[in-house]
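Residues per chain, in single letters:
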Amino acid sequence: MLLPLDLAILAWKESYVSPELAIGWRIGRYAHEFFDGLEQVRIAAIGHDSTIAALQRQARYPEPGLVTKPLGSRPWDMLFYHEPTATALKVVCIRNQIFPAQALRSLEECLKSGNLDVRLHYQVGVNAMVQNIINADIMRLCSLTQIRCRRLITTEGHSMSACPWCRQAGSAIRLDLDGRICCPECAGLEPSWHSLASGEV
Ligand SMILES: [Zn+2]
């Protein structure tokens, strides 16, 4: 199977190429083009170890290889956050384009038997999925949402009013998302990045 050079290097380092590895590579490449480099882009991701490994290979900020792995659920599979412009890119993967179909998955059990026909059939199916991930229009693989954030500040001595969406008053940070005022949680940002969300500063 012919692979782009940087994906081939990734596959060599991870010992094999899988749809999960390929999607991490493809979305990372897309984010790289979207932000004109990942030098000042934070990355968070949930999902398969190979997907995260592919993103770790591309991560540059705040240090090479750092990808935040949230413990709880999130409204995204991957989140990229460009600090200088306070722009987030939310990625939700389309499952049936990325994960093997049940028919292919059912072959995984049979692989242990050593049957060459089964092995070949499985490999052809996986290769087709990887090629689709490499070549398909990105919009067929995931939904992408751009979030432009602007951090609101209060004058000293004044506290921030409660978030109008979740009513939480605890957080001292409010964000303006194209006119929608909310707390960082309602903005869908990674909580550990809250204190980093900025805009007018
Ligand atoms: Zn809120």
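Rules used throughout
For every chain, the first residue of the written sequence is number 1, and numbering continues from 1 along that sequence. Local features in a predicted model are, by the rule used here, given only for residues with pLDDT of at least 70; side-chain atom pairs are given and counted only at 80 or more, and totals for whole chains, interfaces and linings are based on all residues. When DSSP finds two or more bridges between a pair of strands, those strands are recorded as paired. Counting from the N terminus, the helices are DSSP H or I runs at least four residues long and the strands are E runs at least two residues long. An axis is simply a line fitted to the C-alpha atoms; with a helix, the fit covers only the stretch in contact. Between two such axes, the angle follows the N-to-C directions and lies from 0 to 180 degrees. For every residue pair, C-beta atoms are placed from the backbone, and the pair is scored as a contact if these atoms sit within 7 Å. Whether a residue is buried, exposed or partly exposed is read from the other C-beta atoms within 10 Å of its own C-beta, which are placed from the backbone; 20 or more gives buried, 12 or fewer gives exposed, and intermediate counts give partly exposed. All domain edges in this entry derive from an automatic or database-based domain assignment. Amino acids are sorted into nonpolar (Ala, Val, Leu, Ile, Met, Phe, Trp, Tyr, Cys and Pro), charged (Asp, Glu, Lys and Arg) and polar (every other residue, Gly among them).

## Overview of the sheet that holds strand β3 (residues 87–93)
Strand order in this open sheet of four strands is β1-β2-β3-β4, and the pairing throughout is antiparallel. Lying at the two open borders of the sheet, with one neighbouring strand each, are β1 (41–45) and β4 (142–148). Each adjacent strand pair in this sheet contributes to an overall mean axis angle of 15 degrees, direction not counted. The pairing of strand β2 (residues 78–82) with β3 spans five bridges and is classified as antiparallel. Residue pairing across strands places H82 opposite T87, the latter belonging to β3. Contacting β1, β2, β3 and β4, helix α2 (residues 19–34) runs over the sheet at an angle of about 155 degrees to β3.

## Structural notes on helix α3 (residues 49–58)
What sets the pattern is the α-helix's 3.6 residues per turn: residues three or four places apart point alike. Inspection of α3 places S50, T51, I52, A54, L55 and Q58 among the buried residues, and these make up the whole buried set. Looking at the packing, one finds that the buried side of α3 touches α1 (5–14), α2 and β1.

## So, the pairing of β3
Between β2 and β3, which pair antiparallel and follow one another directly, the connecting turn spans four residues, one of which, A86, has a positive phi of 50 degrees. As defined by bridge partners, β3 adjoins β4 across seven bridges and the pair is classed as antiparallel. For K90, the partnering residue across the bridge sits in β4 and is T145.

## Regarding the domain arrangement of the protein chain
Accessible area lost during the coming together of the parts is what is often quoted as the interface size. The assigned domain composition of the protein chain is domain 1 (5–148) and domain 2 (150–201). Just the C-alpha atoms count here: the centres of domain 1 and domain 2 sit 30 Å apart. Each partner contributes residues to the interface: domain 1 has 14 residues there, and domain 2 has 13 residues. Here the residues of the side of domain 1 that touches domain 2 are counted per class, giving nine nonpolar, one polar and four charged.

## Structural notes on the pairing of β1
Looking along a regular strand, one sees the side chains alternate between the two faces of the sheet. Most of β1 is tucked away: five of the five residues are buried. Burial of the side chains of β1 extends over both faces: V41, I43 and A45 are buried on one face and R42 and A44 on the other. In the sheet, β1 pairs with β2 via five bridges, with the strands oriented antiparallel. Bridging from a neighbouring strand, R42 pairs with Y81 of β2.

## Regarding the sheet that holds strand β7 (residues 180–182)
Strand-to-strand pairing in sheets goes through backbone hydrogen bonds, with the strands running parallel or antiparallel. Reading across the sheet, the three strands line up as β5-β6-β7 and stay open at both edges, with antiparallel pairing between neighbours. The sheet terminates laterally at β5 (150–152) and β7, the two strands that pair on one side only. On average, each strand axis in the sheet is inclined to that of its neighbour by 30 degrees, with strand direction left out of account.

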